[in-house]
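Coordinates in review
Listed below are the residues making up each chain.
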Amino acid sequence: MKSITIKGSQRESVGKVSTKALRNAGKVPCVLYGGEKPLHFSAEEISFRDLVYTPNAHTAVIELEDGQKFDAVLQDIQFHPVTDKILHIDFYQLFNDKPVTMNIPVRLEGNSPGVRNGGRLLFRKRKLSIKALPELLPDFITVDISKLRIGGTIAVETLLSDDFTILHPDSTAVVQVKASRTSVADEEDDEEEEGAEGAAEGGGDAPEAEATE
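Now for a description of the structure that goes with this document. What you see is a predicted model, and the numbers here were worked out from it, not measured in a lab. Position numbers for residues start from 1 in each chain and track the written sequence from start to end. With the structure being a predicted model, the display of local features is reserved for residues of pLDDT at least 70 and the display and counting of side-chain atom pairs for 80 or more, all residues being used for whole-chain, interface and lining totals. Hydrogen atoms and water are omitted, and side-chain values are computed over all heavy atoms in the structure.

Notes on the sheet that holds strand β10 (residues 141-144)
Strand-to-strand pairing in sheets goes through backbone hydrogen bonds, with the strands running parallel or antiparallel. Heads up, the condition is: Whether two strands pair comes down to DSSP finding at least two bridges between them. Helix and strand assignments come from DSSP, with helices taken as H or I runs of at least 4 residues and strands as E runs of at least 2, each series counted from the N terminus.
Pairing is mixed in the open sheet, where four strands are placed in the order β10-β7-β9-β12. Every interior strand has two partners, whereas the edge strands, β10 and β12 (165-166), have only one.

Structure (structure tokens):
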């Protein structure tokens, strides 16, 4: 997973006055948790652009002026309710032998036959919360929808991996295709293909469908 470097300065004072002064100077007060004690620091707001304003998942490398470096993951962020400026960020320090929880984006791959036949694609979970060792954190989770038909669902249980644990019930729907007013029964495509294959292999006519009452 790609890491974004955040260059900051350790904070000696953490009171309201110093916090306000930092924000007025265009800096964001931050706290790094997970070590022996919380580490307070600040960084220029522009430093967080590639970490916060992106649909992708990234870890962070926090570099302080005194030479200290910490691998971390963004844990919580607060925005101003009116201006949307970043007010505060909490980070959690990463250790190679300790699993970490992170939200990972989901990417769809392939073309759904259900959508081709007029069905509506419902992307239920664009991000999944997972737990893994830092070195095993994926950039994204790929979901293949090339066999997803009308009425079909791809759930968490089909995306399980030995590298990470998905922190959602196995039955959680990730993506679905629902029928719409313009959709057609895409099962007809399979029946036509199977009939054509049967005729070619047998050298004669395709078998007739059984009569039903």
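Having seen it, we continue.
Some remarks on the pairing of β10
Here is the rule we go by: Each residue gets one of three labels from its accessible area relative to the maximum for its type: buried under 20%, exposed over 50%, partly exposed in between, using a 1.4 Å probe on protein chains only.
A one-sided burial pattern is seen for β10, the buried positions being I141 and V143 and the unburied ones T142 and D144. Relative to β10, strand β7 (residues 100-109) runs parallel, the two being bridged by four bridges. Directly across from R107, in β10, lies its bridge partner T142.

Regarding the pairing of strand β13 (residues 173-178)
Look at any regular strand and the pattern is simple: side chains alternate between the two faces of the sheet. For strand β8 (residues 120-123) and β13, the ladder comprises four bridges, and the chain directions are antiparallel. The residue bridging L122 from the neighbouring strand is Q176, located in β13. As paired elements, strand β11 (residues 153-155) and β13 share three bridges and run antiparallel to each other. Looking across to β13, one finds that I154 is bridged to V175.

A look at the sheet that holds β13
To keep it simple, the criterion reads: For helices, the fitted axis covers only the stretch in contact; all axes are lines through C-alpha atoms, and the angles between them, taken along N-to-C directions, range from 0 to 180 degrees.
Pairing in this open sheet of three strands is antiparallel, and the strands run β8-β13-β11 from one edge to the other. A single partner strand is all that each edge strand has here, and the edge strands are β8 and β11. Each neighbouring strand pair of the sheet contributes to a mean axis angle of 10°, computed without reference to strand direction.

Description of the nonpolar core
The following threshold applies: Put simply, buried Ala, Val, Leu, Ile, Met, Phe, Trp, Tyr and Cys residues joined by side-chain atoms within 4.5 Å make one nonpolar core. Only heavy atoms matter for contacts: two residues are in contact if any of them lie within 4.5 Å across the pair.
Grouped together as the largest cluster of nonpolar side chains are 24 residues, with contacts concentrated most on L128, I130, I141, V143, L159 and V174. Mapped onto this core, the elements with two or more residues apiece are β7, β9 (127-132), β10 and β13. Top contributing element to this core by residue count: β7, with four residues. Sequence-distant contacts of I130, that is, excluding residues within four places in its chain, are made with V100, T101, M102, I104, L137, P138, I141, F164, T165, I166 and L167.

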